[in-house]
Structure formats: structure tokens, C-alpha cells
Amino acid sequence: MRKYLSKIIVCLLLCVFSATMFACGKKPEKVDAYEGLTQFIEKVEQDNKTNGMFTASLVNGVASDYVLTEYLNDGTYGYYNQSMIIPMNFIKNYYQDLERISALEDISNEKKAVINDLETSIPELNNAYIDSVEKYVSLKTVSSATVVAEGAKQRYVQSLKSFLKISYEVALKLAKVKDVVFNDYSSLKETTAVVTNEQAIMLRDYLMLNHANDFYNCLIVNLEMEDFTSISGSKEVQSFVSFIRNVKSKFTSSMALQAIKAEELADLTGEAVTEQVGEEIKVVKYNNTTIVKIFDAFNALENERKMLSKAMEEFSLYDYYVNYSCNMDAYTAKVQYATNYSNEITKFYNNYSNDYVSYLINIFKTGV
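Residues numbered from 1 in each chain as written. Predicted model: local features only at pLDDT ≥ 70, side-chain atom pairs only at ≥ 80, totals over all residues. Heavy atoms only, no water.

Draft legend 1. Expanded view of the packing of aromatic side chains. Overall, the coordinates contain 28 aromatic pairs when judged by the stated rule. Both rings, one in Y79 and one in Y80, keep their centres 5.1 Å apart while their planes meet at 90 degrees; by these two values the pair is edge-to-face. A single burial state applies to Y79 and to Y80, both of which are buried. Plain terms: the ring middles of F90 and Y94 are 4.9 Å apart, the flat faces sit at 45 degrees to each other, and that makes the pair tilted. Within this pair, F90 and its partner Y94 are both found in helix α3 (residues 78-94), separated by four residues, close to a single helical turn. Through successive ring pairs, a cluster of aromatic residues spans F228, F240, F315, Y318, Y320, Y321, Y324 and Y331. Sitting over the ring of F182, R100 keeps its end group 4.0 Å from the ring centre. (Phe/Tyr/Trp six-rings, centres within 6.5 Å; stacked < 30°, edge-to-face > 60°. Buried < 20%, exposed > 50% of the residue type's maximum accessible area, 1.4 Å probe, protein only. Helix = DSSP H or I, 4+ residues; strand = E, 2+ residues; numbered from the N terminus. Lys NZ or Arg CZ within 6 Å of the ring centre and 35° of its normal.)

Draft legend 2. Molecular detail of the layout of surface pockets. Approximately 460 Å³ is the volume attributed to the largest pocket. Lining the largest pocket we find 19 residues, and of these N213, D214, N217, E302 and R305 sit closest to its centre. When residues of the lining of the largest pocket are traced back to their parent elements, those giving at least two are α5 (147-181), α6 (197-222) and α8 (289-314). Broken down by element, the lining of the largest pocket gets its largest block of residues, eight residues, from α8. (1 Å grid on protein atoms, 1.4 Å probe; cavity = no way out; pocket = protein on both sides within 12 Å on 5 of 7 lines; lining within 4 Å. Points joined across faces, edges and corners; volume = space filled by probe spheres on them.)

Draft legend 3. A look at the nonpolar core. Counting residues in hydrophobic clusters, the biggest one holds 112 residues, and the most contacted among them are F163, L203, F240, Y349 and F364. The element contributing the most residues to this core is α5, with 14 residues. Non-local contacts of F364, meaning those with residues more than four positions away in its chain, are made with A200, L203, R204, L207, L257, I260, E264, L265, A266, L268 and I294. (Core = buried A, V, L, I, M, F, W, Y, C linked by side-chain atoms within 4.5 Å. Contact = heavy atoms within 4.5 Å.)

Draft legend 4. Local environment of α5. The end-to-end C-alpha separation of α5 is 51 Å, in line with the 51 Å expected for 35 residues at 1.5 Å each. Backbone geometry just after α5 places N183 at a positive phi near 55 degrees. (Expected span 1.5 Å × (residues − 1).)

Draft legend 5. The pattern of salt bridges, seen in detail. Applying the stated criterion to the full structure yields 17 salt bridges. With a closest N to O distance of 3.8 Å, D97 and R100 form a salt bridge. For R100, a relative accessible area of 33% puts it in the partly exposed group. The network of salt bridges with shared partners includes D97, R100, K178 and D184. (Salt bridge = Lys/Arg side-chain N within 4 Å of Asp/Glu carboxyl O.)

Draft legend 6. Focus on the environment of T252. One can find T252 in helix α7 (residues 235-259). Between the alpha carbons of T252 and V59 there is a distance of 9.1 Å; along the sequence they are 193 residues apart.

Draft legend 7. Up close: empty space enclosed by the protein. Counted by the stated rule, this structure contains one cavity of 30 Å³ or more. For the largest cavity, the calculated volume is near 60 Å³. As for the largest cavity, its lining consists of I85, I86, N89, F90, N93, Y94, D205, L209 and Q258. Of all elements in the fold, only α3 and α6 reach the threshold of two or more residues within the lining of the largest cavity. A per-element tally of the lining of the largest cavity places α3 first, with six residues.

Have a look at this one:
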């Protein structure tokens, strides 16, 4: 009787477990990070031979295979391509580093979580890309003079918004794997007296990815991909327009960091740290003072980014113009500290961001 009751209990538990799994829905598809990104890059390259959504070109001196054909040399929406090529270049240039995972003998739970986070995001990247391609092909099949074309253009733009979102997420997660799992970045502070060009480029690309993400969050997310630089209106509206123009201009000027060629990079040097052991003086490690300065600047801006993120959660530049005509009093009636949030956003892009990238360009070119 006891054995019979035990079987019933086990069956009931299995039923409850199955029902729970069904209620929770299908788990996210997991793919091996290296294989998943390899397949994605190869698919984009193969598909592009027929759909032509991307063009191999230069954007502000930066070469990429992922320049959006629809916005090639577009004076108004050039920031779409600036936003697109940075994460896509990063994914293409560094996904092969994921092969190194197989050589790791002991992976902590923290590192496994970082790898898993990247793996589970790859199907969404692939799906967003496919959707953008479909919308682009539809756009190219309609006459440019029709109302239908305008609708097709808007659908394509919205698909790009989703594609850009997941592109940055995957690129930043890939960078996190390189940082947390392989210690590729912060290790440069100590491992060598002179950083090689390859290492300097790797670090530069990491810094630029995070920097471009700042502009993506403003121009693509907060402004919802809308360009307001040609509008007119009150003094407050014109101040708003001036700010947007300034953000776009600073994004363009910051591309100079990514455009630095290998042969233009200065030696990023440091000094040997020594200690006296008895009668001998031994080199303990290298302290790369230049890399330390770079990370000091990066960490300082990270603190400002936290404040910026909070401000952008509460303050929408898009709503500020579209729904409130740049009337701060009206916006403050909705968001209590709207003025403070607006000031934080303005300071970040007008001051902190500009000073930061100028500092980085100088270091990478002069070494001091």
C-alpha cells in the first residue's frame, strides 16, 4: 500500500511540474555563443548578396560592411549608420574570441552566467535582423512616390530600432565576456610595459562601443529615431533643436576615436614596480600608468552614466517636444524633477561626453 501511495505522489508531482513548465511557456532557445554568432555573421554576409540592405563603405572615416544602404551618405539620418556600424563591427571583430571558452578548465558560476546571458540573446539578434531584411525588401518593392512607400519606410525604421537595440545588447554582452571571463581589458594595466597595437585597438573598440551606446540611447531610444533639427518655434523649441544638433555633431566628432589607424597609435607605456628583497631588487609587475589613466576616465564617466540612465528613464526628449512643445512647466507637472533630469542629460552630452572622448583621442595618439 505504501509503495502504491508513493507512486501516486510521484505521478502527482510530475504532473504539477509539467503544468508549471507549460504555464511558464517555452524557455528561451540557447545556442553556443561562438557557433551562434558565427552563423549570424555568415548569414548576414550571404543574405546581403541578394537583399543589399548593407553596403561596405566608410562612415566618418570608419570602415564597415554594415552601412545601411538606405541611409548611405544621408545628411539628416547619418546617425543611423553611426549607431549601426559600431556594435556590428564589434561583434564581427571579436566573436571569434569566444572559441577561447573551450580551453578554460574551470569556469566560475559568475562567468557561466555572463556566457549564458550572451548565448540566450543571440536568437533575438538573428530574428531582429531577419525582420529588418524583410521590411527593407518590402520597402524596395514599392514606388517611392506612393503613400504606401511612406508606411513601408516607417515599418523599416521601426524594425531598425529593434535591430539596433539587440545589436548593442549582444555587443556589450560580448564585451562583458571578454572583460569578466577573459580579463582582456583591465589586465592591460599590469601585464606589459608597452601595450601592443592589437591590444590598444581592442581597448579602443571597447571604449568606443560604450561611448556609441550613449549616443544610441539619446538619438535612437530617447528621441525614438526622430530628427528634430529642422523644426522652428519658440525660444525653448530652438534651444531644444540646438541641443539635438549638438548631440549629433558630437557623435560625428567622436567617430574620430574609432577612425584612428593602427599606425597612428602611440605607445601606451608604464613603469616597472619593484621591491627590495634582501639585497636584491626584483620587478614585481608592470604598472601601465597610461592604461590606468584611461580606466580612471572610463570609471568616472560610468558614474555619470548611472545618473544619465536615471534621467533618461524619467525624461523623454521626444515627449518634451511632441507632447509638451518644450514647455518645461507643463512637463514638470507630469514629472516632478523634470528640470533636474533635463539638466543632467544636457550636461552629459554637452560637457562630460565631449571632454571624455577628446581625452581618449589625445591619449591614444600621443600616449600621454
